[in-house]
Every structure is written in structure tokens, then in C-alpha cells.
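Descriptive structure summary
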Amino acid sequence: MAILSANLASSAALALILVAASLCLIEAKQFGIGIEIGSRGRPRQREFDYFNLALQWPGTYCQRTRYCCPNNACCRGSNSPAVFTIHGLWPDYNDGSWPACCTKKSFDEKEISTLLDPLEKYWPSLSCGKPSSCHGGKGSFWGHEWEKHGTCSAPVTGDEYNYFLTTLNVYFKYNVTKVLNEAGYVPSNTEKYPLGGIVSAIQNAFHATPKLVCRNGAVEELHLCFYKDFKPRDCAGGSSSSSDMLFSGSSCPNYISLPAYASLGAGNVESEVSWVPEDVDLRWVDRL
Ligand code: U2P
């Protein structure tokens, strides 16, 4: 009898622990914390829903450049990029949140040494500032993107080399600059283009709706979204929303500009841009 009641007590305690554990998990999910407990008791990243290929428009970013240094692509003069360049490949959740800094793997530039040419051309930093790394300290733009987003993409994109290679391949396959140029949306410092026209051009080409981010009426970022097999999908949830609904909360007005790169200091004075050594910590000051 004593053994029976001891068994009953321990089963009840076990059931209580299991219920409490599953309640904790539900709560974590509801709050979008994105952390689950793995089989060995270690925190595990909640599976993300889709990829966001974030592109930046140098014509807009470079207008804010106040400091130059060798690795800031805004400072390349006539060789400065005239195409959308890569900001990052971000794993996202459908609720608008995202995981970040998912493993302890630090960035090692040696791992991507064979990709440096295309990375410098199509995934350059547009700033002299050094973004924070996930494990304290400051690092390169690529290091920041890998540690913050690449480590969370790893279940699909694998190691550092494959994260950068995959991102370049998706970028080349879905050439937004070409699509827009062919539809007549060419860089201009005088024209304004209808937001709906730009969105439609991309929808027609890729059969998915992008997200645009503007600053002072100019395109600053354009996001293309993908399922985890890299088939295009809408960036804003729901596939049948009209452009009007999708862009009602957008940072872009109905008519937007796609500024051409203007040599630094043009319109102002060349001396407004000062050159600084590579290792100075500007904390992204020229992006603010
Ligand atoms: O949008 C401002 C910054 O928030 C981060 N962001 C935004 C959307 C998203 O899906 N994922 C994400 O991380 C970006 O931070 P970064 O990668 O530049 O550190 C973005 O710049």
C-alpha cells in the first residue's frame, strides 16, 4: 500500500512538471520569444518562417555620408554602386519579429575569402561605422550580418560560407535593379515615381509583393521575401492583400524618388566629407 501511494505521488509530481513545462513553452511562443528547450535542456531557436532579402539603395544612403574611409562604398567616387546592394538575408517570423544571434559562431573573414570580389561589389558597407557583433565588441558589416542573421539562417543556409554564397545567388537571380530599369524606373534626382508602379513591376517579375522602406520620400531599402526553399512570397502577411492595404502603413509616400548617386559633397561642399582611418569607431554615425 505504501509502495502504491509513493508511486501515485511520484506520477502526480511528474504530470505536474510536464504540464508546467508545456505551459512555459506556450507562453514563450505567445510572446514571440523564439526560444524552446532542446532535448539536452539547452535553449533552441524557434523555427523561423521565411527569408527577407534586404537590399539598400546607395543613392539614398550615400546622401547621408559625412565620413569616408577605405571600406565605405559610398566613398568610391564614380565606382560607387549604382545598383541595389545587399543589406542582409534575414530569417523572419510571420508576426513581424525575428530571431537574432542564434549561435556562438563568430565571423571569420577567411571562410569567405573566395567570395570577397562579389561581396565587395554587391554587399559593401555604406558606412564607416563598425556595427556591434553578437558577443560584445564591434566588427565588420559582414560579421554583423553573419552573427546576427546568418547564424539563425543556419538550419537552411548552413555555415558562414554557404550563408554568403546563398545570399549572393538569390540576389543575382532576383535582380531588382534590372526589373525596375526595364520598367522605366531609372535613378534620377528630378523624377518621382508612383509607389504602386514600382511595386507592380516587381510583382509582375517575381509574382510576389516586396516591402519598400523610404527616407524623406526616397527609396532607402527594398525587401524581397522568400519561402525557405527560396521561392518568392509576399513580404507582408497574407497573399491577397491589395497594394493599397499593404502600403497603408509604409514609410513611403505615393510618389517616391530613386536618387542617382551624387558625388559626395555635391550640392554641399566637398570638404564636408572627412576621411577617417579604417579602425575609427564612428558607431554608424553617418547612417543616423
Ligand atoms: O529595420 C531596422 C533594423 O532592424 C533590423 N531588422 C529589421 C527587419 C527584420 O526583419 N530583421 C532585422 O534584423 C535590421 O538590423 P540590422 O541587420 O541592420 O542590424 C534593420 O537595419
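Residues numbered from 1 in each chain as written. Predicted model: local features only at pLDDT ≥ 70, side-chain atom pairs only at ≥ 80, totals over all residues. Heavy atoms only, no water.

1. Side note on the overall build of the protein chain
Rule in force here: Helix numbers and strand numbers start at the N terminus; a helix is a DSSP run of H or I with at least 4 residues, a strand a run of E with at least 2. Only protein chains enter the calculation, and the probe is 1.4 Å; a residue is then buried if its accessible area is under 20% of its type maximum, exposed if over 50%, and partly exposed in between. Note on contacts: a residue pair qualifies if any of its non-hydrogen atoms lie within 4.5 Å across the two residues. Residue-level accessible areas treat just the shown protein chains as cover; the underlying method is Shrake-Rupley with a 1.4 Å probe.
What the protein chain contains, in helices and strands, is eight helices and 11 strands. For the protein chain, buried positions account for 43% of its 288 residues. Pairs at least 24 residues apart make up 75% of the contacts formed inside the protein chain by residues separated by at least 6 positions. Accessible surface, the protein chain as shown: approximately 15200 Å² in total, 56% of it carbon and sulfur.

2. Description of the state of the cysteines
What counts, and what does not: Two cysteine sulfurs form what is called a disulfide whenever their separation falls within 2.5 Å.
Taken as a whole and assessed by the stated rule, the structure comprises seven disulfides. Paired by a disulfide, Cys102 and Cys152 hold their sulfur atoms 2.0 Å apart. Of note, the bridge from Cys102 to Cys152 carries an S-S torsion of about 95° and is right-handed in sense. Note that Cys102 is positioned in the loop between β5 (85-92) and α3 (116-122) and Cys152 in helix α4 (residues 141-157), a separation of 50 residues in sequence.

3. Topic: the side chain of His144
Tracing the backbone through its elements, the reader meets His144 in helix α4. What makes His144 buried here is its relative accessible area of 16%.

4. Some words on the pattern of salt bridges
To keep it simple, the criterion reads: Here, a salt bridge means any Lys or Arg side-chain nitrogen found within 4 Å of an Asp or Glu carboxyl oxygen.
Tallying each qualifying case throughout the model produces six salt bridges. Where Arg64 meets Glu220, a salt bridge forms, and the shortest distance between an N and an O atom there is 2.5 Å. Of the two residues, Arg64 sits in the loop between α2 (58-61) and β4 (67-68) while Glu220 sits in strand β8 (residues 218-226), which places them 156 residues apart along the sequence. Neither Arg64 nor Glu220 differs from the other in exposure class; each is buried. Through salt bridges with shared partners, one network takes in Arg64, Arg215 and Glu220.

5. Some words on the pairing of strand β3 (residues 50-56)
Going by this rule: Should DSSP find at least two bridges between two strands, the strands are taken to pair.
With respect to burial, β3 is a largely interior element, seven of its seven residues being buried. Neither face of β3 is left uncovered, since the one carrying Tyr50, Asn52, Ala54 and Gln56 and the one carrying Phe51, Leu53 and Leu55 both have all their residues buried. With seven bridges connecting them, β3 and β5 associate as antiparallel partners. In the sheet register, Leu55 faces β5, and the bridge partner there is Ile86. Bridge count between β3 and β8: six bridges; the pairing is antiparallel. Looking across to β8, one finds that Phe51 is bridged to Phe226.

6. What to know about the packing of α4 against helix α5 (residues 160-173)
As a reminder, the rule being used: In this analysis, axes come from line fits to C-alpha atoms, helices being fitted only over the stretch in contact, and the angle between any two N-to-C directions falls in the range 0 to 180 degrees. The cut-offs work like this: below 35 degrees is roughly parallel, past 145 is roughly antiparallel, 65 to 115 is roughly perpendicular, and the gaps in between are oblique. Classes in brief: Ala, Val, Leu, Ile, Met, Phe, Trp, Tyr, Cys and Pro nonpolar; Asp, Glu, Lys and Arg charged; the others, Gly included, polar.
Contact geometry for α4 and α5: axes closest at 9 Å, N-to-C directions at 90°. If you check the angle between α4 and α5, you find them roughly perpendicular. Between α4 and α5, the residues in contact are Trp142, Glu145, Trp146, His149, Gly150, Ser153 and Thr157 and Glu160, Asn162, Tyr163, Phe164 and Thr166, respectively. Broken down by class, the residue content of the contact of α4 with α5 amounts to four nonpolar, six polar and two charged.

7. A word on the site of the ligand
Our working rule: The near set for a molecule or strand comprises every residue that places at least one heavy atom within 4 Å of it. Two N or O atoms count as a polar contact when they lie within 3.5 Å, although within protein this holds only if one can serve as hydrogen donor and the other as acceptor, and sequence-adjacent residues are included solely when both atoms are side-chain atoms.
Around the ligand lies a shell formed by Asn52, His87, Trp90, Asp92, Trp98, His144, Glu145, Lys148 and His149. Contacts to the ligand include His87, whose side-chain N or O atom sits 2.7 Å from an oxygen atom. When the free accessible area of the ligand is taken as 440 Å², the share hidden by the protein chains comes to 65%. Going through the elements one at a time, β5 and α4 are the ones with two or more residues in the shell around the ligand. If one sorts the elements of the shell around the ligand by residue count, α4 sits on top with four residues.

8. Topic: the pairing of β8
Judged by how many residues are buried, β8 sits mostly within the fold: nine of nine residues are covered. Here strand β7 (residues 211-215) runs beside β8; their pairing, made up of five bridges, is antiparallel. Of the residues in β8, the one forming a bridge with Leu212 is Leu222. Hairpin connection from β8 to strand β9 (residues 232-233): five residues lie between these consecutive antiparallel strands, with Phe230 at a positive phi of about 70°.

9. Section: α5
The condition is simple: Expected helix span is computed as 1.5 Å times (number of residues minus one).
End to end, α5 covers 20 Å across 14 residues, agreeing with the expected 20 Å (1.5 Å per residue, within 8%). Residues of α5 that are buried: Glu160, Tyr163, Phe164, Thr166, Thr167, Leu168, Val170 and Tyr171. Where α5 is buried, its residues touch β3, β5, α3, α4 and β8.

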